[in-house]
Amino acid sequence: MPKQVDLSVELAGVKLKNPVVAASGTFGFGREYGQFYDLSQLGGICCKGLTLHRREGNPPPRIAETPMGILNSVGLQNPGVEDFISQELPELRRHDLAVIANISGDTPEEYGIMCRLLSAAGVDMIEVNISCPNVKAGGLAYGTRPELAAEVTQVAKAHSTVPVMVKLSPNVTDIVQIAKAVEEAGADALSLINTLRGMRIDVNTRRPILKRNTGGLSGPAVLPVAVRMVWEVSCAVKLPILGMGGVSKGEDAAQLMLAGASAVAVGAACFADPYAPLKVRDGLAEIAAVQGLDRVSALTGAVMPW
Amino acid sequence: MKVEQTCKILSKRQLNAYAVEMDLAVGDMVRASLTGPGQFVHVKCGEGRLLRRPISVCKWRACEDSDTLTIVFEVRGEGTQWLARRPVGHSVDVLGLLGRGFQIEAGETYLLVGGGIGVPPLLGCAGSCDGAATAILGFRSKDRALLLDEFSGSCADVQVATDDGTLGHRGYVDQLLRQELAGERRYRGILACGPKPMLKSVVKAAAEYGVPCQVSMEERMACGVGACLGCAVQMAGGGMKHVCKDGPVFDAGEVDWNA
């Protein structure tokens, strides 16, 4: 019988009872999957992306299946930050897990206002999304230019009393350059990767499946891209990393941790299996136990590159 | 707590060249989560395909050993092809029952309007109407027709239309629907399921005759439980609702038919 492994990790000073976090946009505000199991079994939840005001999102179809992946173009549909604070946060607080609010703004000022409101409301951490591929204004633009990424980070930090984690886009030539800019601007942590831009076409109708033509790719297809980017970023910056992208089992999570992630998020895998985050947690614990580790955090950055 | 279940395929049969009927042993799923006809199950169709396939429930039976569900689906792509080829005795991973179905008042008379693979869930409605419902069923052609005997056995009247006239009335269901609404029988409401263009013309006819109408909608879906916000339907009021959680059945008046 392998010994018990300590699963707890720390992400920018926030304690997680285990390294598995629900990824933003795949888990709502927890209510739906909370009907399947106690959310307290998760290390944390990155909530559905919030904007200052309510957004209805993009017209359907918003979802397309691809080889080992899923394209989505939801477009940040959400009730707005104030509704989240009054309607969703109290419900989430009934569970014992880290609550990470994910935010997107059209301007740096909007990021600032949301950080102030969410800090006051007592979330554990703020994930600043500068990488949504599915909205026109803001979104991805902030994540593809180092000086804009730095500006948003500075504003977010200036208005927050809780740790600020910046979510990076993989849709750039050099993610390290963006990561460094965000680190210098004062971010407390990084999360990566957001979805990769993609497209699927119905050959009979000659129409793209998604109404907005293109969307963001997630699922197992993107895992190797995520592992590579986490590794490159962790080699170049000192910030802790929440790694994500295609994680559906313990081994995937272990790869991201070895590449340098302190914790991992599980997203699209929930669609096939609502229990995926718990299975990732158990699979990760088993790998650590078999390898004789006292704590799962020993995996972080322990890759031995050639 | 909701659950996903491994469900054994008890039997299956080909209803026509395209549609498969499958009986599943679903544990206590019917007793635990059935609210009425029009709900769906979300079925995993092989390891390589990440998205489950939403399939409407045709019939159900609650039983102490194990509840059974009958689903009917059309082979449309790789996922449904995989499911259709699963042998009897094998199991499939099922999430359900999900969604909000048709609202049917006891003792009232309803007019059921179905098109193509939208027909099977209406059989559940017929069962909830104590044999008093009228069904108008449309298909592309005779070789696409399905479940006609079952509807005859559970409805007061069944009328069939085919696009090419190979069975019943030649043309669309809304022509039969208008005839029926102009006739003597009075209906508490219309319950409709089928392709969107059909729903649109049914809703138009219902509005002309002032009969309330409920419609079952389809949209590309991911999670099936309301978390990912993928399966959006645009509402007449400007907002979005979601097929998996708010639907699949909506009041016709809620939906933005011009979207």
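Residue numbers run consecutively from 1 along every chain, following the written order of its sequence. Note on labels: chains are lettered from A, ligands numbered from 1, in written order. Note on the predicted model: pLDDT of at least 70 is required for a residue's local features to be given, and 80 or more for side-chain atom pairs to be given and counted; whole-chain, interface and lining totals, by contrast, use all residues. Only heavy atoms go into the side-chain values, all of them from the structure, while hydrogens and water stay out.

> Requested: an account of the overall build of chain A, with residues and values cited.
Helix and strand definitions here come from DSSP, where helices need a minimum of 4 consecutive H or I residues and strands a minimum of 2 consecutive E residues; each element is numbered from the N-terminal end. Within chain A, the regular secondary structure consists of 9 helices and 16 strands. The globule rule puts the C-alpha radius of gyration for 306 residues at 19 Å, and the 18 Å found for chain A is close to it. Counting only C-alpha atoms, chain A reaches 55 × 50 × 45 Å along its principal axes. Burial classification: accessible surface area is computed with a 1.4 Å probe over protein chains only, and a residue below 20% of its type maximum counts as buried, one above 50% as exposed, and the rest as partly exposed. Looking at the 306 residues of chain A, the share that counts as buried comes to 61%. All accessible-area figures derive from a Shrake-Rupley calculation using a 1.4 Å probe, and residue coverage is judged against the displayed protein chains alone. Accessible area of chain A: about 12,000 Å², with a carbon and sulfur share of 52%. When charges are counted, Lys and Arg are positive and Asp and Glu negative, with His and the chain ends excluded. The atom standing in for a charge is NZ when the residue is Lys, CZ when it is Arg, CG when it is Asp and CD when it is Glu. Separation between the mean location of the 28 positive side-chain charges and that of the 30 negative ones in chain A comes to 5 Å. Computation of the radius of gyration draws on C-alpha atoms, with the globule rule given as 2.2 Å multiplied by the number of residues to the power 0.38.

> Can you tell me about the sheet that holds strand β8 (residues 125–129) of chain A, naming the residues and giving the values?
Strands belonging to one sheet form pairs held by backbone hydrogen bonds; the direction of such a pair is parallel or antiparallel. A pair of strands is labelled paired if DSSP reports no fewer than 2 bridges between them. Reading around the circumference, β3-β4-β7-β8-β9-β10-β15-β16 (chain A) is the order of the 8 strands in this closed barrel, with parallel pairing throughout. Strand after strand, the sheet turns through a mean of 25° between neighbouring axes, direction not considered. Orientation is described by axes fitted as lines to C-alpha atoms, over the contacting stretch for helices, and by angles from 0 to 180 degrees between their N-to-C directions.

> Mind laying out the nonpolar core, listing which residues take part and the relevant values?
Remark: nonpolar core denotes a set of buried residues (Ala, Val, Leu, Ile, Met, Phe, Trp, Tyr, Cys) joined through side-chain atoms within 4.5 Å. Membership of the largest hydrophobic core comes to 144 residues, with the highest contact counts inside it found for L190(A) and I190(B). When residues in this core are grouped by element, the largest group, 7 residues, is from helix α9 (residues 276–290) of chain A. Throughout, the edges of the domains are those of an automatic or database domain assignment. Among the domains, domain 1 (4–98) and domain 2 (110–216) of chain B are the pair contributing at least three residues each to this core. Sequence-distant contacts of L190(A), defined by excluding residues within four places in its chain, comprise M165(A), V166(A), L168(A), A179(A), V182(A), V233(A), V237(A), L239(A), P240(A), I241(A) and L242(A). Counting 27 residues, the second largest nonpolar core, distinct from the first, contains L15(B), Y110(B), F151(B) and V249(B). We call two residues contacting when some pair of their heavy atoms lies within 4.5 Å.

> So what's going on with the interface of chain B and chain A? Residues and values would help.
Contacts between chain B and chain A engage 30 residues on the former and 36 residues on the latter. A quick way to say it: buried area is the sum, across both parts, of accessible area lost when two parts are put together, with a 1.4 Å probe. Overall, the association of chain B and chain A removes approximately 2,700 Å² of surface from exposure, summing both partners, and the carbon and sulfur fraction of that is 60%. Between Lys or Arg on one side and Asp or Glu on the other, a salt bridge is scored when a side-chain nitrogen of the former is within 4 Å of a carboxyl oxygen of the latter. On inspection of chain B and its partner chain A, the count reaches 2 salt bridges. In this structure, E65(A) and R53(B) form a salt bridge, with 2.8 Å as the shortest nitrogen-oxygen distance. Here a polar contact means two N or O atoms within 3.5 Å. Within protein one must be a hydrogen donor candidate and the other an acceptor candidate, and residues neighboring in sequence count only if both atoms are side-chain atoms. Where chain B meets chain A, there are 9 residue pairs in polar contact (both at pLDDT 80 or more). Going through the elements one at a time, β13 (232–234) and β14 (240–242) of chain B are the ones with two or more residues in the side of chain B that touches chain A.

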